[in-house]
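Read off the chains here:
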Amino acid sequence: MSAAHEPPRGAKGHRPQVFDDPAVDQLYAAYVAIATELSVAFERIDTLERLLETQSGLSREAIRDYQPNESVSAERQQHRAELAERLLRPFRDFREQRIARANRLSDTGPGD
Amino acid sequence: MPAFKQHPMVPQTTHDEQARQDFVSALRGHLSGRLMPGAYQVYAARVEPAFRSKHGRGPKDEHEVRHAMTEDPYYQFWSAMQRRSQELLWESVIDPTERQLPELIDRARTLGKRGRGKRRGTLRLDPKLVVPKYHTAADIHLQPGGYHTDFTADDVAAGAVYDKGINLYMGGALGEENNLTGDTLLAYVREKHPSLKPRSILDLGCAIGNSTVVWARAFPKARVHGIDVGAPVLRYAHARAQAMGVAVDFSQQNAERTDFADGSFDLVLSHIVLHETSKSALTRVLAECRRLLKPGGLMLHLEIPRGRTDIEKFMHNWESYNNNETFSRYMTDLDLKAETIKAGFAADAVLVDEFAPKLDVAQMNYTEHFLWKILAAFKR
Ligand SMILES: C[S@@+](CC[C@H](N)C(=O)[O-])C[C@H]1O[C@@H](n2cnc3c(N)ncnc32)[C@H](O)[C@@H]1O
């Protein structure tokens, strides 16, 4: 995205920890994101199949043997990077919150 | 469920963006309708009995319920999923909004100029307005930047994101124009005060004007004002109302103290606003409502039910602890009637009511058995 301003994707405020081990919170967060993207991918395949069915002219072999050219590869690369970003955002936010809290603690001393 | 109605200020979605929003909506429907009720079952079957055998008595208040429930794996599972679905909800509407933001800002400018005379709404912003701390401390229900943050000049993103976002939030149950809150309070007025014919109406905390427009349509002869602290939601509200051909005067003001003259309105309203303020703000808003009403005028605030039993209170307060609805939990046991009397209304002119509108659409799992709370008071 080339926008000059990039509004935050995360909300300001404390993110509550649900499980004893914060890793479990992180796994859940990633798991829901994966489920979302899986649903998106499923709908895309479904769209493709329906278009193929009605507009035909394309064989299963053509799909099997398909080789992405350079620009397609680049697009897919970009898409994977975005997926990774979606998946990993909770971990990044977690890290940033920890760092921010550590900084606050060292600013104000213990007892904050 | 009626589909969300497109209007010129709604960002278009690509195939994948739409699929993402649809999934979030489905997930939330499932979490609210199928998984959340299970938390009550788990409480009755496991958590409460375990507490009882450990302490020789049941939990004595909501806080003891909280301590017991937050240890329960089922509740934990639901809570983690619910929180995550809320985050993904905003993400799914921010993407298409950002992609089209320059066009949306242009469109808002053009729509702002449409119409003339009485048929044209107005927008008055106040760049000097201090946004209250209860908005800036944390982003309410996790919308990044809240209602008030401008990320670019003439920003309307917060409005566009909120419009689509709250529709997904309730899986479409808010109605095709997010009109459920306005319709509910209007239905209350039609039932309890059928002869009311207000000539001047003020909607406090109007956000994108979704409820304001309902009132302007219901009383076409009335002058209708909407105020909010958030500039980007108001720009969007103005453009949206203009696109719908409904004349509303929007202005950026704090409901705790507005610049309208004493006795300006027959009807002063708010829809799901009070729980997003603070204790001291609430007192000031009620006093301000009284100042703004004409003698004989009516004040109405629609609020979300907060539960009767301790487990219900605990479940309702999930939003407070996990969704940055920070103040809402303090409203659980707040005596709204006493607060209203404190603000100067006569004791026998105040009523805290409950109301369930007859729903003409299948409002799914969200508003079934949903008793809205309504604070009503006349000014003598
Ligand atoms: C949940 S939204 C309600 C939207 C709309 N009334 C509806 O019926 O859906 C709450 C709105 O109240 C506004 N608000 C909160 N405190 C306010 C205050 N002190 N003065 C003006 N607006 C306020 C917020 O900015 C937000 O737009």
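Everything quoted here is computed from the prediction, not taken from an experiment.

Conventions used here
- Residues take numbers from 1 onward in each chain, read along the sequence in its written order.
- Labels are handed out in written order, letters beginning with A for the chains and numbers beginning with 1 for the ligands.
- Predicted model: local features are reported for residues with pLDDT of at least 70 only, side-chain atom pairs are reported and counted for 80 or more only, and whole-chain, interface and lining totals are derived from all residues.
- Where side-chain values are given, they derive from all heavy atoms of the structure, hydrogens and water being excluded.
- Secondary structure is summarised from DSSP: a helix means a run of H or I of at least four residues, a strand means a run of E of at least two, and numbering begins at the N terminus for each.
- To estimate the expected span of a helix, subtract one from its residue number and multiply by 1.5 Å.
- Only protein chains enter the area calculation, which uses a 1.4 Å probe; residues under 20% of their type maximum are buried, those over 50% are exposed, and those in between are partly exposed.
- What the arc describes is the spread of directions from the helix axis to the C-beta atoms.
- Here, residues are in contact when the closest pair of their heavy atoms is within 4.5 Å.
- Working definition: residue near molecule or strand if any one of its non-hydrogen atoms lies within 4 Å of it.
- Polar contacts here mean pairs of N or O atoms no more than 3.5 Å apart (in protein, one a potential hydrogen donor and the other a potential acceptor; neighbouring residues in sequence count only if both atoms are side-chain atoms).
- Using a 1.4 Å probe, accessible areas were evaluated by the Shrake-Rupley method; residue-level cover was limited to the displayed protein chains.
- Residue classes follow a fixed rule: Ala, Val, Leu, Ile, Met, Phe, Trp, Tyr, Cys and Pro count as nonpolar, while Asp, Glu, Lys and Arg count as charged, and any other residue, Gly among them, counts as polar.
- Two strands are counted as paired when DSSP detects at least two bridges linking them.
- By convention a crossover is right-handed if, when the strands point away from the viewer, the path from the first strand over the helix to the second runs clockwise.
- Take the accessible area each of two parts loses on contact, using a 1.4 Å probe, and add the two losses: that sum is the buried area.
- Counted as salt bridges are all cases of a side-chain nitrogen of Lys or Arg within 4 Å of a carboxyl oxygen of Asp or Glu.
- Axis definition: a line fit to C-alpha positions, over the contact stretch in the case of helices; interaxial angles, taken between N-to-C directions, run 0 to 180 degrees.
- The quantity called pLDDT is the predictor's confidence in a given residue, expressed from 0 to 100.
- Domains are outlined according to an automatic or database domain assignment.

## Focus: helix α4 (residues 101–112) of chain B
Residues and elements named next belong to chain B. Its twelve residues give α4 an end-to-end C-alpha distance of 16 Å, which sits within 8% of 16 Å, the value for a rise of 1.5 Å per residue. Among all positions in α4, only Leu-101, Leu-104, Ile-105, Ala-108, Leu-111 and Gly-112 are buried. What you see down the axis of α4 is that its buried residues fit within an arc of 130°, all on one side. Facing away from the buried side of α4 by over 90 degrees, the exposed positions are Pro-102 and Thr-110. Tucked into the core, α4 has its buried residues touching α3 (73–99), α6 (157–169) and α9 (231–244).

## Examining the site of the ligand
All names here are of chain B. The local shell around the ligand holds 20 residues, among which Tyr-134, Ser-211, Asp-228, Asn-254 and Ala-255 are the closest. Measuring from an oxygen atom of the ligand, one finds a side-chain N or O atom of Ser-211 at 2.6 Å. Summarising the interface, the protein chains cover 99% of the accessible area of the ligand, which totals 600 Å² for the free molecule. A breakdown of the residues in the shell around the ligand according to their chemical character gives nine nonpolar, nine polar and two charged.

## Quick notes on helix α8 (residues 210–218) of chain B
With seven of nine residues buried, α8(B) is to be regarded as a mostly interior element. Buried within α8(B) we find Asn210(B), Ser211(B), Thr212(B), Val213(B), Val214(B), Trp215(B) and Ala216(B).

## Concerning the pairing of strand β3 (residues 223–228) of chain B
Residues and elements named next belong to chain B. With five of six residues buried, β3 lies mostly within the body of the structure. Relative to β3, strand β2 (residues 200–204) runs parallel, the two sharing five bridges. For Ser-200, the partnering residue across the bridge sits in β3 and is Arg-223. In this fold, β2 hands off to α8, which returns the chain to β3; that crossover is right-handed.

## With respect to the interface of chain B and chain A
By a widely used convention, the size of an interface equals the accessible area lost when the partners come together. With 32 residues of chain B at the contact, the number on the chain A side is 31 residues. Buried surface at the junction of chain B and chain A, both sides included, amounts to about 3100 Å², of which 57% is carbon and sulfur. Contact with chain A buries area across many residues of chain B, yet Arg20(B), Arg84(B) and Glu91(B) alone supply 19% of it, more than any other trio. Where chain B meets chain A, there are five salt bridges. Where Asp16(B) meets Arg44(A), a salt bridge forms, and the shortest distance between an N and an O atom there is 2.8 Å.

## Digging into the sheet that holds strand β1 (residues 122–124) of chain B
All names here are of chain B. Strand order in the open sheet formed by eight strands is β1-β4-β3-β2-β5-β6-β8-β7, and the pairing between neighbours is mixed. Each of the sheet's edge strands pairs with one partner strand only, and the pair in question is β1 and β7 (350–355). Between one strand and the next, the sheet's axes are offset by a mean angle of 15°, whatever the strand orientation. Of the pairings in the sheet, the one linking strand β5 (residues 265–271) to strand β6 (residues 293–303) comprises six bridges and is parallel in character. From the neighbouring strand, His-271 faces β6, where its bridge partner is Leu-302. Of the strands in this sheet, β5, β6, β7 and β8 (372–378) are in contact with helix α7 (residues 180–192), which crosses β7 at around 115°. Lying over the sheet, helix α10 (residues 279–292) contacts β2, β5, β6 and β8, oriented at roughly 145° with respect to β6.

## Topic: the confidence of the model for chain A
A residue-level look at chain A finds 88% of positions with pLDDT of 70 or above and a mean pLDDT of 80. Per-element averaging of pLDDT across chain A places helix α2 (residues 60–64) of chain A at the bottom with 74 and helix α1 (residues 22–55) of chain A at the top with 88.

## Description of the domain arrangement of chain A
All names here are of chain A. By the assigned domains, chain A splits into domain 1 (20–66) and domain 2 (68–112). Distance from the C-alpha centre of domain 1 to the C-alpha centre of domain 2: 23 Å. Counting residues at the interface gives eight residues for domain 1 and ten residues for domain 2. For the pairing of domain 1 and domain 2, the buried interface totals around 820 Å² over both sides, and the portion due to carbon and sulfur atoms is 72%. Together, Gln-26, Glu-37 and Tyr-66 form the three largest contributors to the area buried by domain 1 at its contact with domain 2, with a combined 64%. For the interface between domain 1 and domain 2, the tally reads zero salt bridges. Summed over the shared surface of domain 1 and domain 2, the number is zero residue pairs in polar contact (both at pLDDT 80 or more).

## Describing the pattern of salt bridges
Overall, the coordinates contain 32 salt bridges over all chains when judged by the stated rule. For Arg50(A), the salt bridge identified is with Asp46(A), shortest N-O distance 2.8 Å. Of this pair, Arg50(A) and Asp46(A) both sit in helix α1, separated by four residues, roughly a single helical turn. On the basis of relative accessibility, which here comes to 53%, the residue Arg50(A) falls in the exposed class. Between Asp163(B) and Arg240(B) there is a salt bridge, with its nearest N and O atoms 3.7 Å apart. Taken as a pair, Asp163(B) in helix α6 and Arg240(B) in helix α9 lie far apart in primary sequence, 77 residues in all. Judged by its relative accessible area of 1%, Arg240(B) is buried.

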